[in-house]
Amino acid sequence: MQMPTPIRAPTWVSRRRHFEQKLWDLDKCKDINQLKQMQALVYKSNLQQDPFIAPKSIAAFSLCRQMDSALIVFSQVRDPNVHLYNAMIRAHIYNSQPSQAFATFFNMQCCGIFPDNFTFSFLLKGCSGKCWLSVVSMIHTHVVKWGFDEDIYVPNSLIDAYSKCGLVGVRAAAELFRGMKERDVVSWNSMISALLRVGDLSEARKLFDEMPRRDRVSWNTMLDGYTKAEQMSVAFELFETMPQRDVVSWSTMVSGYCKAGDLEMARMLFDKMPEKNLVTWTIMISGYAEKGLVKEAIGLYIRMEEAGLRLDVAAFVSILAACAESGMLSLGKRVHDTIERSMYKCNTLVCNALIDMYAKSGCLHKAYKVFNGLKKRDLVSWNAMIHGLAMHGHGKKALELFFRMKQEGFMPDKVTLVGILCACNHTGLVDEGIIYFYSMEKDYGVVPEVEHYGCLIDLLGRGGYVKEAFELARKMPLEPNVKIWGSVLGACRMHKAVELADDVCNLLDKLEPKNAGKLSALSNIYASAGDWDNVAIIRLMMKSIGRPKQSGASLLVLNDEYREFTVMDKSHAKSDKIYQMVDRIGQHLKLLSPVTAGLCDE
DNA sequence: CTAGGGTTAG
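Owing to the predicted nature of the structure, the values given are computational and were not obtained by experimental measurement.

### Here we look at the state of the cysteines
Here is step 1 of the chain: For the coordinates displayed, the defined rule picks out zero disulfides.
Here is step 2 of the chain: Here Cys111 is not cross-linked by a disulfide; its sulfur's nearest cysteine counterpart is in Cys110, at 6.6 Å.

### Quick notes on unusual backbone geometry
Here is step 1 of the chain: For Ser96, which is not a glycine, the phi torsion comes out positive at approximately 50°.
Here is step 2 of the chain: Looking at the element boundaries, Ser96 is found in the loop between helix H5 (82-94) and helix H6 (98-110).
Here is step 3 of the chain: Even without being a glycine, Glu230 presents a positive backbone phi close to 55°.
Here is step 4 of the chain: Structurally, the position occupied by Glu230 is in the loop between helix H13 (216-228) and helix H14 (232-241).

### Quick notes on the packing of helix H17 (residues 278-290) against helix H19 (residues 313-326)
Here is step 1 of the chain: Their axes nearest at 8 Å, the elements H17 and H19 cross at an angle of 10°. In terms of orientation, H17 lies roughly parallel with respect to H19. Counting all contacts with H17, which are made through Leu278, Thr282, Ile285, Ser286, Ala289 and Glu290, the residues of H19 involved are Ala315, Ser318, Ile319, Ala322, Cys323, Glu325 and Ser326.
Here is step 2 of the chain: Looking at side-chain class alone, the contact of H17 with H19 contains seven nonpolar, four polar and two charged residues.

### Notes on the protein's contact with DNA strand B
Here is step 1 of the chain: Lining the immediate surroundings of DNA strand B are 38 residues, of which His83, Asp151, Asn156, Asp184 and Val186 lie closest.
Here is step 2 of the chain: Between DNA strand B and the protein, one listed contact pairs a base nitrogen with a side-chain N or O atom of Asn156 at 2.3 Å.
Here is step 3 of the chain: A distance of 2.8 Å is found between a base nitrogen of DNA strand B and a side-chain nitrogen or oxygen belonging to Asn277.
Here is step 4 of the chain: Of the residues contributing to the surface near DNA strand B, the split by class is 13 nonpolar, 15 polar and 10 charged.

### Section: a nonpolar patch on the surface
Here is step 1 of the chain: Among the surface-exposed residues, Leu167, Val168 and Val198 lie close enough to one another that they form a single nonpolar patch of about 240 Å² accessible area.
Here is step 2 of the chain: Structurally, Leu167 is set in helix H10 (residues 166-179).

### Description of the pattern of salt bridges
Here is step 1 of the chain: The final tally for this structure, using the stated rule, is 14 salt bridges.
Here is step 2 of the chain: Between Lys442 and Asp443 there is a salt bridge, with the nearest N and O atoms lying 3.4 Å from each other.
Here is step 3 of the chain: For Asp458, the salt bridge is made with Arg462, and the minimal N-O distance between the two is 3.1 Å. Of this pair, Asp458 and Arg462 both sit in helix H27 (residues 450-462), four residues apart, which is roughly one turn of that helix.
Here is step 4 of the chain: Residue classification places Asp458 among the buried residues on the basis of a relative accessible area of 16%.
Here is step 5 of the chain: Overlapping salt bridges bring together Lys467, Glu471, Arg474 and Lys475 as one network.

### Thoughts on the side chain of Ser381
Here is step 1 of the chain: By secondary structure assignment, the location of Ser381 is in helix H23 (residues 379-391).
Here is step 2 of the chain: Separated by 2.8 Å, the side chains of Ser381 and Asp378 make a polar contact.

### As for the UniProt feature "repeat: PPR" (unreviewed entry) in chain A
Here is step 1 of the chain: UniProt records the feature "repeat: PPR" (unreviewed entry) for residues 81-115, 184-218, 246-280, 347-377 and 378-412 in the present numbering.
Here is step 2 of the chain: The span residues 81-115 carries 74% helix and 0% strand; its end-to-end C-alpha distance comes to 10 Å.
Here is step 3 of the chain: A distance of 12 Å separates the end C-alpha atoms of residues 246-280, which is 74% helix and 0% strand.

### Here we look at the layout of surface pockets
Here is step 1 of the chain: As a volume, the second largest pocket reaches approximately 1,400 Å³.
Here is step 2 of the chain: Along its surface, the second largest pocket is lined by 24 residues, and Leu63, Cys64, Arg65, Asn347 and Lys376 are the ones closest to its centre.
Here is step 3 of the chain: Among the elements of the structure, helix H2 (32-44) and helix H21 (348-360) are those that each provide at least two residues to the lining of the second largest pocket.
Here is step 4 of the chain: Classifying every residue of the lining of the second largest pocket by side-chain character gives 10 nonpolar, seven polar and seven charged.

Rules of the game
- Residues numbered from 1 in each chain as written.
- Chains lettered and ligands numbered in written order.
- Predicted model: local features only at pLDDT ≥ 70, side-chain atom pairs only at ≥ 80, totals over all residues.
- Heavy atoms only, no water.
- Disulfide = S-S within 2.5 Å.
- Helix = DSSP H or I, 4+ residues; strand = E, 2+ residues; numbered from the N terminus.
- Axes fitted to C-alpha atoms, helices over the stretch in contact; angles between N-to-C directions.
- Parallel < 35°, antiparallel > 145°, perpendicular 65-115°, else oblique.
- Contact = heavy atoms within 4.5 Å.
- Nonpolar A, V, L, I, M, F, W, Y, C, P; charged D, E, K, R; others polar.
- Near = heavy atom within 4 Å.
- Polar contact = N/O pair within 3.5 Å; in protein donor to acceptor, adjacent residues only side chain to side chain.
- Patch = residues over 30% accessible without salt bridge, like charges linked within 9 Å, V, L, I, M, F, W, Y side chains within 5 Å.
- Areas by Shrake-Rupley, 256 points an atom, 1.4 Å probe, with all protein chains shown as cover.
- Salt bridge = Lys/Arg side-chain N within 4 Å of Asp/Glu carboxyl O.
- Buried < 20%, exposed > 50% of the residue type's maximum accessible area, 1.4 Å probe, protein only.
- UniProt positions renumbered as here; feature names shortened; annotations may be inferred.
- 1 Å grid on protein atoms, 1.4 Å probe; cavity = no way out; pocket = protein on both sides within 12 Å on 5 of 7 lines; lining within 4 Å.
- Points joined across faces, edges and corners; volume = space filled by probe spheres on them.

What follows is the structure, given as structure tokens:
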């Protein structure tokens, strides 16, 4: 059979077709080298102004974190249309530059280009956090005024954005949701996830039961709500009744059991599930690492590598964070090896997680090595390093680094200042700490939060200003938390201020009566002052409450072996020798520094 | 003629 002769298009059309086909997926290009090749093609065929190609180029550069290049593409287009502006706004949001995104948004209106429904969806993606509430509600007003809420995507985006703005935002989202003329599954799902974000499980469940049609996202969202609330029995019930289970459902359950500390159940489901992906493996390994189960964590990590899975940024960061929490250096180092051999060895997010892991595990040299080798340091890198130094008593070095970061043009944020106050605290620099605290708002625009007050109160207390610490805790403009009262009580104990401790406990009794934890703190204070009558009374009170506080345990890692011990623990065979040694160390410390003296009274 | 947006697990 003879094929009909095709009618040939003019050469220039087919050439264009040819290039367009090659550039079809330009906007999905994540690899910078491939992107450079494609850009060469764009310029060679003179398509850089093409209204179809230019937004794709911007999207690609934004994916590859090349905002400079994205901006060049944008500026080269003579008459930008809505599409191009939208692409640029989306690029800024994707690269966490919401202020630039809004600048572009205002700019387009100045140029007489009207925003469309897409513009608002993109902008809303960047509004996350309490401080954005007013912006979101302003966008809401605009949206209603211009009638963009006809498009279901826009109110759905609004619900999502509102729900990230705290409790007030969720209320606004609920109001919007109630007023919607028509809702689709996504509207319902977004509203349920909003309610779960603020912990309103019952209201979320009500919507879940009410909604006309549930898809797998609805079930998985509700499932996650129960696991996050550690209601594993309800979660399991839901898991068994849901019409279909996918990887997300199984992974959610595994994650829930890990968080609840039931690693056996988690592993059972992990082994049983029909399909696993990178996220599943990450959850299970992090679960083991967080709980300090070295053999299991490393064993599974090796198995994952053997299975040929390539870790991504989130996987690296999650596992390293888990290692940091339990101080699991052995796995952390292994992950570091993998990173060195991967394309992420220069990735700032990954390196920040490494710095934090090494710093929290006490390997400050290694942390510093990663920090020094990092080409593109961000605020988080500096904060992690400063905090690491501060935590381990290198307050002077932490402060030096603080000066260096300012020299290099970084603006300290609230986290940095917690680190700085912590550095002063752990180095006994009382005066410096006080100065930093009272000038942080003026110098860095950081309004002190509870954490900062906690540092200052701890600092005052340790430095012997127990009365001042107590007064500050009582008069501070924010609600003091348990940690704050804990440090005041700790200071009372350290400096044997029994009467003051009494005052603290009386105050606490009014706020939160019958708290066994505080009573035991008070009993410790009487004990260290030798007031045994009062100790006996308190112990009796604790008994009558009938809720003996579970004693806290300390964890020690030696050669990958974990040893847990509690106060007055005599379970170890050589405990006598150990206590003798602790005593000697204590004597030694007392001679060295008056600040640490109070720490070794027991 | 052609695309681009919202919800779930680390």
